[in-house]
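Notes for the structure review
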Amino acid sequence: MSTDKKFTDSNIEIKQLYTSEDIAGLNNELPGIFPFTRGIQPDMYRGKLWTMRQYAGFSTAEESNKRYHYLLSQGVSGLSVAFDLPTQIGYDSDHPLAEGEVGKVGVAIDSIEDMQALFNGIKLEEVSTSMTINATGFILLAFYVALAKQQGADLKKITGTIQNDILKEYAARGTYIYPPKPSMRIITDIFEWCSKEVPKWNTISISGYHIREAGSTAVQEIAFTLSNGKAYVKAAKEKGLDINVFGKRLSFFFNAHNNLFEEVAKFRAARRMWAKMMQELGATDPKAMMLRFHTQTGGSTLTAQQPLNNISRVTVQTLAAVLGGTQSLHTNGYDEALSLPTEEAARIALRTQQIVAYESGAPDTVDPLAGSYYVENVTNEVESAAWKLIEKIDAMGGSVSAIEQGFMQNEIARSAYDFQQRVERNEQIIVGVNKFQVDEDQKIPVLKVDDSIRLLQMEKLSKLKKSRSSAKTDQLLQILSDKASSGENIMPAVIEAVENKCTLGEIADTLRELFGEYK
């Protein structure tokens, strides 16, 4: 027997050999039936493949629109919108703090006119759209709904997701605006309004992705994410919402990393844990206990060294997501450690999904790794370790308290530090970085976004403001402020404001004055 020990990324020890004794008492679970370890549909991909999304958005709405039309022509079945930093934190492109950031990490959206340009020639009733937006998620949803109404769409048929997960922003990512309590109130307003007006819309995508990108382990990713999910469910119940109704519109967003078997085990464990958690919280409808999730391949695993190696990494991660039973998937471009993905890199990323879907045989049977002594054992180990973390968070009073006390942030930082130490000691091999290096002079084409984009956006804003009634704008922003003060649902007021050309920054600032900013 080999004596050197091996561990998963979550520090779970891996034995040299697994036998039936390692999975004693394994239940003969079936997919589509509680607790959904093996998948939420009885037929999984035999019935319908996962939604193939490509996350895209850069520069202006017009430029991003061209990329969307290209991706749709290449076989993408759902759009996924990336927004620039000013949009994410509630500043219009003409705000002094937006300088140098407009259109850089995503598309700049200041007004309903930008939204019209973003989806020009795309019928919202016919496409599922995911929007990675949190602090200003309610405003982007309002833009989307206003545009759907302009297109004459039936709001009952509109499908998609807003990320809308503010807790992970405090814990891992940082694009928050308001303090936790008013932020949670906005989220429950969205839950309530959507359940009546856009019933097929996923009102939140509770995100482990950014927790993992910040350096967490696989175990921490699901423990913190499910714990945040529990906090949202409790907040919605306190507002008097029915867990069996809003529970069906909750979705999750996970990361897929390189440790293939631990990642598959993580997805299986997360489904089982969420089903049990929702049952304990009072759900009785099995559909409200199903963990439905989108996956993105691991951005932090991509290397700037030998970037073409990233195609292989993304392939392993794609397999992990599919073997783990994801509902939708975005695959990263090989060049994303260098810049926004070029058109060629985006196409290769999409083709990676299509090759797994149509050539690998991975989707041909449900949960193909079930019954593997190793995978079943690691599923149990991941679940057990994640419950221990959740119990710690519960003892602190739940996710909001744990974040306010810095617990999640410190745990993630420690894991990130440990990983980096292992890389530097060559205990963790990263091909092309600390082993198998080459002298590199290859030139990978990169996509650069010009700073002149800000001037274009500022011109658009100037024209927009001249074309509207400033008295009407002031009146609508005052109504929004009054509704937010009185505790009424703010969504109708936000939608009316954007329909009348109020900007994202104006709406965000109205609530900044009322709620303050989180520091």
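Below: a short report on this structure.

Side note on the overall build of the chain
Helix and strand counts for the chain come out as 19 helices and 11 strands. Its C-alpha atoms give the chain a radius of gyration of 23 Å, near enough to 24 Å, the size a compact globule of 519 residues would have. Scored against the burial criterion, the 519 residues of the chain give a buried share of 58%. Nonlocal contacts in the chain, meaning residues at least 24 apart in sequence, comprise 78% of its contacts between residues at least 6 apart. Put simply, the chain shows about 21200 Å² of open surface, and 50% of that area lies on carbon and sulfur atoms. Separation of charge centres in the chain, based on 56 positive and 65 negative side chains, amounts to 3 Å.

Re the nonpolar core
Core analysis: the largest hydrophobic core is formed by 138 residues, its most contacted members being M115, F119, M131, F138 and I507. Looking at which element gives the most residues to this core, the answer is helix α4 (residues 137-150), with 11 residues. Apart from residues lying up to four places away in sequence, I507 is in contact with F138, I139, Y178, L477, L480, V494, A497, V498 and C502.

Here's the deal with the sheet that holds strand β11 (residues 328-330)
Taken together, nine strands build an open sheet; the order of strands is β7-β6-β5-β4-β3-β11-β10-β9-β8 and the sheet is parallel. For this open sheet the edge positions go to β7 (201-202) and β8 (204-207), each flanked by a neighbour on one side alone. Pairing of strand β5 (residues 128-132) with strand β6 (residues 160-162), which is carried by three bridges, proceeds in the parallel orientation. Looking at β6, one finds that T129 is bridged to G160. Seen against the sheet, helix α1 (residues 61-73) touches β3 (51-56) and β4 (78-82) and runs at an angle of roughly 150° to β4.

Some thoughts on the packing of helix α10 (residues 260-280) against helix α13 (residues 373-395)
Remark: α10 packs on α13, axes separated minimally by 8 Å, with the N-to-C direction vectors making an angle of 55°. When the axis of α10 is compared with that of α13, the two are oblique. Crossing of α10 against α13: the hand is right-handed. For the pair α10 and α13, contact is made by F261, E262, V264, A265, K266, R268, A269, R272, M273, K276 and M277 and by Y374, V375, E376, V378, T379, N380, V382, E383, A386, W387 and I390, respectively.

Let's talk about α10
The terminal C-alpha atoms of α10, which comprises 21 residues, lie 31 Å apart, in line with the 30 Å expected from a rise of 1.5 Å per residue. Across the 21 residues of α10, 16 count as buried, placing the element largely inside the fold.

Quick notes on helix α16 (residues 452-466)
For α16, which comprises 15 residues, the first-to-last C-alpha distance of 22 Å matches the rise-based estimate of 21 Å (1.5 Å per residue) to within 8%. All of the buried residues in α16 are I453, R454, Q457, L461 and L464. Projection of α16 onto a plane perpendicular to its axis shows the buried side chains occupying an angular sector of 95°, all on one side. For α16, the exposed residues lying more than 90 degrees away from the buried face are L455, K463 and K466. On its buried face, α16 sits against α3 (112-118).

Some points on a nonpolar patch on the surface
A surface patch of nonpolar side chains, about 270 Å² in accessible area, is lined by L30, I33 and F34. Here L30 lies in the loop between β2 (13-14) and β3.

What about the environment of V264?
For V264, the location among the structural elements is in helix α10. Placed 190 residues apart in sequence, V264 and R454 show a C-alpha to C-alpha distance of 43 Å. Sequence-distant contacts of V264, that is, excluding residues within four places in its chain, are made with A320, L323, G324, L369 and V375.

Concerning the environment of F34
Considering the arrangement of structural elements, one finds F34 in the loop between β2 and β3. Take F34: its relative accessible area is 33%, and that puts it in the partly exposed class. Separated by 252 residues in the primary sequence, F34 and P286 place their C-alpha atoms 6.9 Å from one another. What F34 contacts, discounting residues up to four positions off in sequence, is A275, K276, Q279 and M289.

Side note on the pattern of salt bridges
Taken as a whole and judged by the stated rule, the model has 28 salt bridges. Residues K66 and E63 are paired through a salt bridge, measuring 3.1 Å at the closest nitrogen-oxygen approach. Residue K66 and its partner E63 are located together in helix α1, separated by three residues, close to a single helical turn. Note on E63: relative accessible area 31%, which makes it partly exposed. Of the charged contacts, one joins K149 and E499 as a salt bridge, the two residues approaching to 3.0 Å between their closest N and O atoms.

Thresholds, definitions, all that
Residues numbered from 1 in each chain as written. Predicted model: local features only at pLDDT ≥ 70, side-chain atom pairs only at ≥ 80, totals over all residues. Heavy atoms only, no water. Helix = DSSP H or I, 4+ residues; strand = E, 2+ residues; numbered from the N terminus. Rg over C-alpha atoms; globule rule 2.2 N^0.38 Å. Buried < 20%, exposed > 50% of the residue type's maximum accessible area, 1.4 Å probe, protein only. Contact = heavy atoms within 4.5 Å. Areas by Shrake-Rupley, 256 points an atom, 1.4 Å probe, with all protein chains shown as cover. Lys, Arg positive; Asp, Glu negative; His and termini not counted. Charge placed at Lys NZ, Arg CZ, Asp CG, Glu CD. Core = buried A, V, L, I, M, F, W, Y, C linked by side-chain atoms within 4.5 Å. Pairing = 2+ DSSP bridges. Axes fitted to C-alpha atoms, helices over the stretch in contact; angles between N-to-C directions. Parallel < 35°, antiparallel > 145°, perpendicular 65-115°, else oblique. Left-handed = near helix turned anticlockwise from the far one by under 90°. Expected span 1.5 Å × (residues − 1). Arc of directions from axis to C-beta. Patch = residues over 30% accessible without salt bridge, like charges linked within 9 Å, V, L, I, M, F, W, Y side chains within 5 Å. Salt bridge = Lys/Arg side-chain N within 4 Å of Asp/Glu carboxyl O.

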